[in-house]
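# Fold and contact review
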Amino acid sequence: SVIPLSDIQQWLEHSIVISPESLQNIPYTLGAADGRVVTGAGQTVYARGNGLVVGQRYGVYREGKPYIFTNAEGKKVNAGLELTEVASALAVAGENDVTTLELKESFNAEVRRGDYVLPRYDAELPSLFYPTATNEVTADGQIVRVMGSIGTAAQRSVVTVNRGAMHGAKAGHVLSIYQQGEVVRDPKTKESVKLPNPRVGNLMIFKTFDQFSYAYILDSSLPVKVGALIQAPPTTQN
């Protein structure tokens, strides 16, 4: 099936997920040349930090909501940070650890103080994805975030899954979605019984990071909730 590029373009071109450790010592914006709190394309801002090279292009990224999980020891761990590119910039001058940046493009938001300055992530926009049912992805994956929504996902939604390149995930991989089965009370024995996990749809991974991937809901018979399981389609399971 044809996937409209507009459905995934924002996340394909302007969003990345990185480890929190990767942001240590990363340059960040100090403010605008004219004193404005927020700025956009055509304006000048200053960034502080080493490593910025005059003449190079950069992306200005806003830090989003972290991916927090509870590990085996019961401790909450920040497993990843989502960064959204809000502007592209050209480094035009530098003095000590302060670099002057000219903002060239804005992407649906203004630049604010404290935004990170990183080399631009130039996504290779494929003209075609080749969907492939797979059992190569490590088991026990889940949908951990519905992008652009705090609720549920449906067909054509973009979601984040906790399976990335380190788990064997690749762009084009198709996985089935299973909703967590409900726990009901047996009317005879009064025991709690977990019902089977119903298969509710399929998704395709379109962009991978180390620990996470962005995926596109190809079809769904029911609303897809955070926590839904992902696994190889039945035809590829051993």
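Quick summary incoming for the structure in this document. A quick note: this is a predicted structure, and the numbers were derived from the prediction, not measured.

Residues separated by three or four positions in an α-helix point in the same direction, a consequence of the helix having 3.6 residues per turn. Taken as a whole, helix α1 (residues 5–14) has its buried residues at Asp7, Ile8, Trp11, Leu12 and His14. Contact partners of the buried residues in α1: β1 (15–18), β5 (57–63), β7 (76–95), β13 (158–161), β17 (199–208) and β18 (213–220).

Another aspect to go through is the side chain of Arg145. Summarising the element assignment, Arg145 is placed in strand β12 (residues 141–146). A polar side-chain atom of Arg145 sits 3.0 Å from the main-chain carbonyl oxygen of Lys65. A distance of 3.2 Å separates polar atoms of two side chains, one belonging to Arg145 and the other to Glu82. For Arg145, the contacting residues outside a window of four places in its chain are Lys65, Pro66, Tyr67, Glu82, Val159, Thr160 and Val226.

Moving on, we come to unusual backbone geometry. A positive phi angle, close to 65°, is found at Asn25, a residue other than glycine. Taking relative accessible area as the criterion, Asn25 reaches 74% and is therefore assigned exposed. Positive phi outside glycine occurs at Asp140, with the angle close to 70°. Within the fold, Asp140 resides in the loop between β11 (132–133) and β12.

Take the pairing of β12 next. Counted residue by residue, β12 has five buried out of six residues, so it is predominantly covered. Pairing of β12 with strand β19 (residues 229–231), which is carried by two bridges, proceeds in the antiparallel orientation. Residue pairing for β19: Gln142 is matched across the bridge by Leu229.

Let's shift gears to empty space enclosed by the protein. Summed over the entire model, instances satisfying the criterion amount to one cavity of 30 Å³ or more. Its volume calculated, the largest cavity comes out at about 40 Å³. In this structure, the largest cavity is lined by Thr29, Gly31, Ala32, Arg36, Val37, Thr39, Val45, Val111, Arg112 and Arg113. Those elements that place two or more of their residues in the lining of the largest cavity are β2 (28–32) and β9 (111–112).

Calculation notes
Residues numbered from 1 in each chain as written. Predicted model: local features only at pLDDT ≥ 70, side-chain atom pairs only at ≥ 80, totals over all residues. Heavy atoms only, no water. Buried < 20%, exposed > 50% of the residue type's maximum accessible area, 1.4 Å probe, protein only. Helix = DSSP H or I, 4+ residues; strand = E, 2+ residues; numbered from the N terminus. Contact = heavy atoms within 4.5 Å. Polar contact = N/O pair within 3.5 Å; in protein donor to acceptor, adjacent residues only side chain to side chain. Pairing = 2+ DSSP bridges. 1 Å grid on protein atoms, 1.4 Å probe; cavity = no way out; pocket = protein on both sides within 12 Å on 5 of 7 lines; lining within 4 Å. Points joined across faces, edges and corners; volume = space filled by probe spheres on them.

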